[in-house]
Every structure is written in C-alpha cells, then in structure tokens.
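Each chain is listed here by its residues.
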Amino acid sequence: MVLHVGHDVPVLLSHDDVAPLDVQGCDGQSPFVIVCDHAGRLIPRSRGSLGLSEGQLASHIAWDVGAAGVAQRLGTALDAYTVCQRYSRLVIDCNRPLDAADSIVARSERTSIPGNQDVASGEAAERAQQIFHPYHDEIQRTLDQRAAEGRPTVLVAMHSFTPVFLDVARPWHVGVLYRRDSRVAKPLLRALRYEGDLVVGDNEPYAASDVTDYSIVHHGERRGLPHVEIEIRQDLIADARGQDAWAKRLARLLPGTIRNIPTPAQPYLNPR
C-alpha cells in the first residue's frame, strides 16, 4: 500500500528510509561548523531510481563525489560540528533556494531525469518538507544555539566538482567560493596558493550567487557569519586516501585563515 499526503502525493520517506541528515561532533569545541549539502546519493524508496541506472546514480550528477568523506574527516580533525545531507541532489538540491529553477532538476548535464519531469507543486513541497527543511533546520538550530551561548562560528560548506564538464576539462584542483563576504575566502586562497602544488580557483569552477548557493548565503551572509565554500576536484578525493589527504591539508590551513578576522557591523543583507 502506498501512503499519500493530500493531493494524491505519495509520502516521500517511510520507516524503511534512512534519516535525511547525518550529524557528528555535536559537542565539538571548534569555531568551525562544516556542512555538506550534496553528501549522499540516496533516493527515497517511494521514488524508485527516478528512472536512472545505478551507474548514473553513482556519478557526479547525483552527488558530490568524495565531499562527505572530506567533510567528516575534517570535522574530526578540527573537533567541529558537521552535518551531511544523505539524499541525492536529484531529489531536491539542498544548496538551491526552493524557488530556483534547478531546485529539482529535469536534466543534469546531458542526462534527462525521468522522475523529475513535470514535478507537481505538491510533490515539490513534499520533497522540501522531508529533506530540504530538516537539513537546514538542523543547521539553523545549531547556529542559533551557538549564538545564544556567545560561541564564535565560522561556516564551511564542502563540495566537489567533476574533472570534466560538458567535454571541457577543468584545470583547478580546488576552488574557493564566496559572494559578498571574503573574510575567510581570501586568506584561504592565499594559503592554498602558497602550498605550491595546486591550481586554485577564485570563484572557479563556479561563482557563488544568491540563486546558485543557499547554504553560505542563508546561514552565512544573512547572519553576518564568516564563511567559505570549498570545491575539490572529484578525482582527487574519490577514495579514502585522497579524502584523508585533503582533510589533513584543510585542517592545517583553515585555523590560520580566521586569525584576527574582521567582524562586520551587520549581516550582508543587501544585494550587490
């Protein structure tokens, strides 16, 4: 029997599905809070495979390959609160505003997503209710609690990018993304470039914006919290060895980026 929630929309997550987020380091003493929006590639049982093959669901269109491994290892190394979203961004993208055109994608790169064609408003709302909101509510709850306790907080959003996109090779090993607030990004860019063995992108291969980045805008800029979004090339972190290496590198570099960090008088609420 298929359960429904109004307007004939099947219940998205059942008791057979795992919780939408994974949290570690709840008692961590670090100023860093690490989030991973595209950590997993799970699809709710009620939605089958969205019409995709296992190979497609294992590819970069479904998740940020290796990002969760780096985020969790980095969280352990820094003694930081870390939250990872377990469901595929093909179900709903937790790093997009809900009104963004690609909140639920019908096509990713050259792959059509059969289960996302003509998604009704009730279905979209159910995906947001069951996956998007629990993830961001947990982040917001944690940030509210830290603010109430007077604890300093630096938000780090961990992502990864495919080495080749639409047949174009990407030369960067790592990208540092930011919007209006570069208090963490600029020192991190300098630190990564000083390593001497990296091609580092400044808002490359993506540029952060209000319509393509939800986490650092909503939880970072609008709160006035120092923040940065890090993109690592997926072939460098596809296995545990690469994830360990990058987590150690970032654990070594990130603390230095927040020394003597300037504090804004108010949150970054105004558009450019």
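Rules and cut-offs
Residues numbered from 1 in each chain as written. Predicted model: local features only at pLDDT ≥ 70, side-chain atom pairs only at ≥ 80, totals over all residues. Heavy atoms only, no water. Helix = DSSP H or I, 4+ residues; strand = E, 2+ residues; numbered from the N terminus. Rg over C-alpha atoms; globule rule 2.2 N^0.38 Å. Buried < 20%, exposed > 50% of the residue type's maximum accessible area, 1.4 Å probe, protein only. Phe/Tyr/Trp six-rings, centres within 6.5 Å; stacked < 30°, edge-to-face > 60°. Polar contact = N/O pair within 3.5 Å; in protein donor to acceptor, adjacent residues only side chain to side chain. Bend = angle between axes of the 7 residues up to and from the residue. Pairing = 2+ DSSP bridges. Axes fitted to C-alpha atoms, helices over the stretch in contact; angles between N-to-C directions. Contact = heavy atoms within 4.5 Å.

Novice: Explain the overall build of the chain here, please?
Specialist: In terms of regular secondary structure, the chain is built from six helices and 11 strands. For 272 residues, the compact-globule estimate of 2.2 N^0.38 gives 19 Å, and the chain sits close to it at 18 Å. With the principal axes as the frame, the chain shows a C-alpha extent of 60 × 45 × 35 Å. When burial is assessed residue by residue, the chain has 52% of its 272 residues classed as buried.

Novice: Would you explain the packing of aromatic side chains in this entry?
Specialist: Two aromatic rings are characterised by how far apart their centres lie and by the angle between their planes. Applying the stated rule across the entire model yields one aromatic pair. Between Phe132 and Tyr214, the aromatic rings sit 5.1 Å apart at their centres with planes inclined by 65°, giving edge-to-face as the arrangement. Here the residue Phe132 occupies a position in helix α3 (residues 121-148), and Tyr214 occupies one in the loop between β10 (200-202) and α5 (215-220), the gap between them amounting to 82 residues. On the accessibility criterion, Phe132 (2% relative accessible area) is buried. The class for Tyr214 is buried, based on a relative accessible area of 14%.

Novice: Looking at this model, I keep getting lost on the side chain of Arg183. Mind explaining?
Specialist: When you line up the elements, Arg183 lands in the loop between β9 (174-177) and α4 (185-194). In terms of polar contacts, Arg183 uses its side chain to reach the side chain of Asp181, at 2.6 Å. At 3.1 Å, the side chain of Arg183 and the backbone oxygen of Gly224 are in polar contact.

Novice: Could you clarify how one ought to interpret α3 in this entry?
Specialist: Since one α-helical turn is 3.6 residues long, residues separated by three or four positions face the same way. The sharpest bend along α3 reaches about 40° and sits at Ala128. The first or second residue beyond α3 is Gly150, which carries a positive phi of 75°.

Novice: How should I be thinking about the environment of Arg190 in this particular structure?
Specialist: In this structure, Arg190 sits in helix α4. The class for Arg190 is exposed, based on a relative accessible area of 55%. With 68 residues separating them along the chain, Arg190 and Gly122 place their C-alpha atoms 46 Å apart.

Novice: Would you take a moment to explain unusual backbone geometry for this structure?
Specialist: Peptide bonds are trans in most cases, and residues, glycine excluded, mostly fall at negative phi. Geometrically, the link from Glu204 to Pro205 is a cis peptide bond, its omega value of 5° lying close to zero. Take Pro205: it is sitting in the loop between β10 and α5. Of note in this structure, Asn260 is not a glycine but carries a positive phi near 55°. Along the chain, Asn260 turns up in the segment after α6 (240-257). Judged by its relative accessible area of 79%, Asn260 is exposed.

Novice: Just to check I follow, could you spell out the sheet that holds strand β1 (residues 21-24) for this structure?
Specialist: Working definition: the strands of a sheet are paired by backbone hydrogen bonds and lie parallel or antiparallel to each other. Pairing within the open sheet is mixed, and its seven strands lie in the order β1-β3-β2-β6-β11-β9-β10. The open sheet terminates on both sides in strands that have one partner only, identified here as β1 and β10. Taking each pair of neighbouring strands and ignoring which way they run, the sheet shows an average axis angle of 20°. As defined by bridge partners, strand β2 (residues 32-36) adjoins strand β6 (residues 154-161) across four bridges and the pair is classed as parallel. Within the sheet, the bridge partner assigned to Phe32 lies in β6 and is Val154. Contacts from helix α2 (residues 67-78) reach β1, β2, β3 (81-85), β6 and β11 (227-233), with the element oriented near 165° to β2. Strand contacts of α3: β1, β2 and β3, with the helix running at about 170° to β3, the strand carrying the most contacts.

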